[in-house]
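Reading the structure
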Amino acid sequence: MRLATWNVNSVRARVDRIVEFAVRESIDVLAMQEIKCKAEQFPYAAFEDAGFHVEAHGFSQWNGVAIASREPVENVRTAFPGMPGFAKDHSGPDAPLEARALGATVGGVEVWSLYVPNGRSLGDPHYFYKLEWLAALAQYTDDTLSTNPDLALALTGDFNIAPTDADNGDPTVVQGFATHVSPPEREAFGALLSAGLTDVVRPLIPTGFTYWDYKQLRFPRNEGMRIDFVLGSHAFADAVTGAVIHRNERKGEAPSDHVPVMVDLDLTGGEDDDDRPMIF
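Attention here is on the structure that accompanies the text. The structure presented is a predicted model; accordingly, all values stated were derived computationally and were not measured.

The number of helices and strands found in the protein chain is 5 helices and 12 strands. On C-alpha atoms alone, the protein chain measures out to a radius of gyration of 18 Å, which is about the 19 Å that the 2.2 N^0.38 rule sets for 280 residues. Counting only C-alpha atoms and orienting by the principal axes, one finds that the protein chain spans roughly 55 × 45 × 40 Å. A fraction of 72% describes how many contacts in the protein chain between residues 6 or more apart in sequence connect residues 24 or more apart. As displayed, the protein chain offers around 12000 Å² of accessible surface, 50% of which is attributable to carbon and sulfur atoms. Of the side chains in the protein chain, 23 bear a positive and 41 a negative charge, and the two mean positions are spaced by 11 Å.

Here it is, written out as structure tokens:
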């Protein structure tokens with residue numbers, strides 16, 4: 001399986017580029033974030049003509065997530081248990097859920113496309129929403145892997161966190177003054193790892209960013225951040241054979257400010273792996 005995650009920053013604005021990338025790189029599963037459209041507005045035909053099944057979840061011109069797969073997309077969910085909602089001047093358990101999570105089973109792997117809340121600024125209600133959202137995600141991960149420790153689970157997407165100083169090359173993002181690098185956010189990211197997940201890309205690609213702001217020549221100066229991840233359970237991580245951060249997708253005409261992160265997996269099984277999922 002070749003799986004990629006990409007914050008596309010408007011699927012309708014970049015549909016040709018996205019599909020061309022998926023075909024050129026022989027992607028089997030593409031998790032997309034920030035599609036910025038309602039589900040009924042998603043450009044399904046372009047993906048289906050290229051041989052993909054698509055599930056999309058979006059309510060408006062903000063947020064939104066999708067999964068495109070060459071195999072059928074099954075067991076689709078648009079939220080994980082305990083996922084909190086958010087609305088301006090609205091607090092409490094009945095706050096409306098945003099389109100930030102889409103989970104599905106693809107070829108025996110549980111894949112999630114996640115667009116973690118940005119946080120906006122330290123002390124903003126959205127910042128505390130972000131921490132609550134991540135805590136619920138960690139609890140879901142822990143509960144899921146405690147029940148099924150051999151599940152091939154992948155949490156992919158834009159986490160809006162640079163978990164270490166090496167993941168932050170933007171001089172304007174300073175701890176104590178900005179989100180994405182604050183200790184509580186980094187601790188929330190660490191809780192996902194403690195719940196049984198592994199960052200499967202960094203061991204294979206020790207340097208590099210996945211996001212560069214459009215402003216202040218951030219990309220030419222390589223003042224980026226690594227905030228897009230593929231986090232996998234042990235059954236998933238053990239099967240990873242390679243990874244690529246597609247930096248060149250930040251170039252060219254009207255690029256997204258994020259680039260795809262791709263991993264290759266071998267989950268075909270063997271004599272001692274009769275219970276592992278057969279992938280494609």
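The subject of this paragraph is the environment of Arg226. With respect to the helices, strands and loops of the structure, Arg226 is situated in the loop between β9 (198-199) and β10 (228-232). Take Arg226: its relative accessible area is 5%, and that puts it in the buried class. For the pair Arg226 and Glu71, spaced 155 residues apart in sequence, the C-alpha to C-alpha distance is 29 Å. If we ignore the near neighbours within four places in the chain, the residues touching Arg226 are Ile161, Ala162, Pro163, Asp167, Asp199, Arg202, Gly208, Phe209 and Thr210. Among the polar contacts made by the side chain of Arg226, one reaches the side chain of Asp167 at a distance of 2.8 Å. Reaching out from Arg226, the side chain makes a polar contact with the side chain of Asp199 at a distance of 2.9 Å.

Counting buried residues along strand β4 (residues 65-69), 5 of its 5 residues qualify, which places the element largely inside the surrounding structure. Burial of the side chains of β4 extends over both faces: Val65, Ile67 and Ser69 are buried on one face and Ala66 and Ala68 on the other. Here strand β2 (residues 29-33) pairs with β4 via 5 bridges, running antiparallel. Pairing of Leu30 across the sheet is with Ala68, part of β4.

This part is about the sheet that holds strand β12 (residues 261-265). An order of β3-β4-β2-β1-β12-β11 is seen for the 6 strands of this open sheet, with the pairing classed as mixed. Edge positions in the sheet fall to β3 (53-57) and β11 (240-245), since each of these pairs with one other strand and no more. Each neighbouring strand pair of the sheet contributes to a mean axis angle of 15 degrees, computed without reference to strand direction. As paired strands, strand β1 (residues 2-7) and β12 are joined by 4 bridges and run antiparallel to one another. Note on β12: the bridge partner recorded for Arg2 is Asp264.

Roughly 670 Å³ of volume is contained in the largest pocket. What lines the largest pocket is a set of 28 residues, among which Tyr115, Asn118, Asn160, His180 and Tyr211 lie closest to the centre. Of the residues in the lining of the largest pocket, the class split is 9 nonpolar, 9 polar and 10 charged. Taken as a whole, the second largest pocket holds about 320 Å³ of empty space. In terms of residue class, the lining of the second largest pocket is made up of 8 nonpolar, 4 polar and 6 charged.

Let us look at the packing of aromatic side chains. Here the structure, examined in full by the defined rule, presents 13 aromatic pairs. Ring geometry for Phe86 against Tyr129: centres 4.8 Å apart, planes inclined by 25 degrees, an arrangement best described as stacked. One end of the pair, Phe86, is in the loop between β5 (74-77) and β6 (101-106); the other, Tyr129, is in helix α3 (residues 125-147), with 43 residues separating them in the sequence. Given the relative accessible area of 14%, Phe86 is considered buried. Classification of Tyr129 by relative accessible area gives buried; the value is 3%. A centroid spacing of 6.1 Å and a plane angle of 75 degrees characterise the contact between Phe159 and Phe189, whose relative ring orientation is edge-to-face.

What follows covers unusual backbone geometry. Peptide bonds are, in most cases, trans, and in most cases residues other than glycine have a negative phi. Phi is positive for Glu34, close to 55 degrees, though the residue is something other than glycine. Tracing the backbone shows Glu34 in the loop between β2 and α2 (44-49). Residue classification places Glu34 among the buried positions, given a relative accessible area of 14%. The phi dihedral of Asn63 falls on the positive side, at around 60 degrees, and the residue is not glycine.

Calculation criteria
Residues numbered from 1 in each chain as written. Predicted model: local features only at pLDDT ≥ 70, side-chain atom pairs only at ≥ 80, totals over all residues. Heavy atoms only, no water. Helix = DSSP H or I, 4+ residues; strand = E, 2+ residues; numbered from the N terminus. Rg over C-alpha atoms; globule rule 2.2 N^0.38 Å. Contact = heavy atoms within 4.5 Å. Areas by Shrake-Rupley, 256 points an atom, 1.4 Å probe, with all protein chains shown as cover. Lys, Arg positive; Asp, Glu negative; His and termini not counted. Charge placed at Lys NZ, Arg CZ, Asp CG, Glu CD. Buried < 20%, exposed > 50% of the residue type's maximum accessible area, 1.4 Å probe, protein only. Polar contact = N/O pair within 3.5 Å; in protein donor to acceptor, adjacent residues only side chain to side chain. Pairing = 2+ DSSP bridges. Axes fitted to C-alpha atoms, helices over the stretch in contact; angles between N-to-C directions. 1 Å grid on protein atoms, 1.4 Å probe; cavity = no way out; pocket = protein on both sides within 12 Å on 5 of 7 lines; lining within 4 Å. Points joined across faces, edges and corners; volume = space filled by probe spheres on them. Nonpolar A, V, L, I, M, F, W, Y, C, P; charged D, E, K, R; others polar. Phe/Tyr/Trp six-rings, centres within 6.5 Å; stacked < 30°, edge-to-face > 60°.

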